[in-house]
Amino acid sequence: MRVIIVVISLFCISLCFGQQKVESKLYGTMLKTLLSHTVSEIDVSTAKNNLGSATFLDARPEEEYNVSHIENAIRVGYDNFDINKIAYLKRDTPIVVYCSVGYRSEKVAEQLQTNGFKNVYNLYGGLFEWVNQDQPIYKGEKETDSIHAYNKVWGSWVKNASKIKVYP
């Protein structure tokens with residue numbers, strides 16, 4: 001009985017939120033319940049088309065960013081996010097914030113909006129969805145197929161990259 005209630009609840013929750021496309025339906029359901037949806041979300045395809053015109057901010061710690069990131073992304077972190085690090089950006093600059101799955105980036109994007117940034121988007125599904133849709137990731141300036149998996153559970157969502165876990 002409990003299982004039926006959980007399944008029905010997840011289905012109802014999934015109907016309540018916007019229909020962002022992700023490759024895995026189960027991953028999409030997890031994202032719909034994990035995220036607050038307080039920031040406009042952008043899907044991988046749309047974000048990819050805006051690589052040249054938007055500023056991409058990586059909301060992960062240095063250890064994760066150093067394994068791989070979206071080309072030319074600026075690492076701003078999450079725990080130690082400081083709005084002053086990006087004070088040079090105009091408040092109307094299109095900004096796409098991402099992390100592994102979208103939770104940390106959503107929180108950073110909320111802070112950006114609070115500080116007057118107007119065109120802020122959270123990459124729906126994060127870097128994991130980016131690689132799952134065969135988009136390139138970089139280590140420094142070189143393309144790589146490795147991604148920081150965060151941990152074993154979260155790394156299970158990564159399908160199209162070599163998973164690396166660098167934390168002890």
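Please read all numbers here as calculations on a predicted model, not as lab measurements.

Concerning the confidence of the model for the protein chain
- Taken over all residues, the pLDDT of the protein chain has a mean of 85, while the share at 70 or more is 84%.
- Across residues 1–19, where pLDDT falls below 50, the model places ten contacts with residues more than four positions away in sequence or in other chains.

Quick look at the side chain of S68
- With respect to the helices and strands, the residue S68 is situated in the loop between α4 (62–67) and β3 (74–75).
- Classification of S68 by relative accessible area gives buried; the value is 0%.

Concerning the packing of aromatic side chains
- In the structure shown here, the tally under the stated rule is one aromatic pair.
- Judged by centre distance (6.4 Å) and plane angle (65 degrees), the rings of F56 and W130 are edge-to-face. Note that F56 is positioned in strand β2 (residues 55–58) and W130 in helix α6 (residues 126–132), a separation of 74 residues in sequence. You'll find F56 and W130 in the same group, each marked buried.

Focus on the side chain of E106
- Within the secondary structure, E106 is located in helix α5 (residues 103–114).
- Look at E106 and you get buried, because its relative accessible area is 0%.
- From its side chain, E106 meets the backbone nitrogen of S36 in a polar contact 2.9 Å long.
- E106 has contacts with L35, S36, H37, T38, V39, E41 and N122, leaving out every residue within four places of it along the chain.

Considering the sheet that holds strand β4 (residues 95–98)
- With parallel pairing, five strands are arranged side by side in an open sheet as β1-β5-β4-β2-β3. Two strands lie at the open edges of the sheet, namely β1 (41–42) and β3, each paired on one side alone.
- Pairing geometry for β2 and β4, over four bridges, is parallel. Paired with T55 across the two strands is I95, which belongs to β4.
- Of the strands in this sheet, β1, β2, β4 and β5 (120–123) touch α5, which is tilted by about 145 degrees from β4.

Quick look at the environment of E129
- Structurally, E129 is set in helix α6.
- A C-alpha to C-alpha distance of 7.2 Å links E129 and V44, two positions 85 residues apart in sequence.
- For E129, the side chain forms a polar contact with the side chain of Q133, separated by 2.6 Å.

Let's talk about the pairing of β4
- Alternating residues of β4 divide into I95 and V97 and V96 and Y98, and every residue in both groups is buried.
- Strand direction decides the pairing type here: β4 and β5, joined by three bridges, are parallel. Residue pairing across strands places I95 opposite V120, the latter belonging to β5.
- For the segment spanning β4, α5 and β5, crossover handedness is right-handed.

Reading the values: rules and limits
- Residues numbered from 1 in each chain as written.
- Predicted model: local features only at pLDDT ≥ 70, side-chain atom pairs only at ≥ 80, totals over all residues.
- Heavy atoms only, no water.
- pLDDT = per-residue confidence, 0-100.
- Contact = heavy atoms within 4.5 Å.
- Helix = DSSP H or I, 4+ residues; strand = E, 2+ residues; numbered from the N terminus.
- Buried < 20%, exposed > 50% of the residue type's maximum accessible area, 1.4 Å probe, protein only.
- Phe/Tyr/Trp six-rings, centres within 6.5 Å; stacked < 30°, edge-to-face > 60°.
- Polar contact = N/O pair within 3.5 Å; in protein donor to acceptor, adjacent residues only side chain to side chain.
- Pairing = 2+ DSSP bridges.
- Axes fitted to C-alpha atoms, helices over the stretch in contact; angles between N-to-C directions.
- Right-handed = clockwise from strand over helix to strand, strands pointing away.

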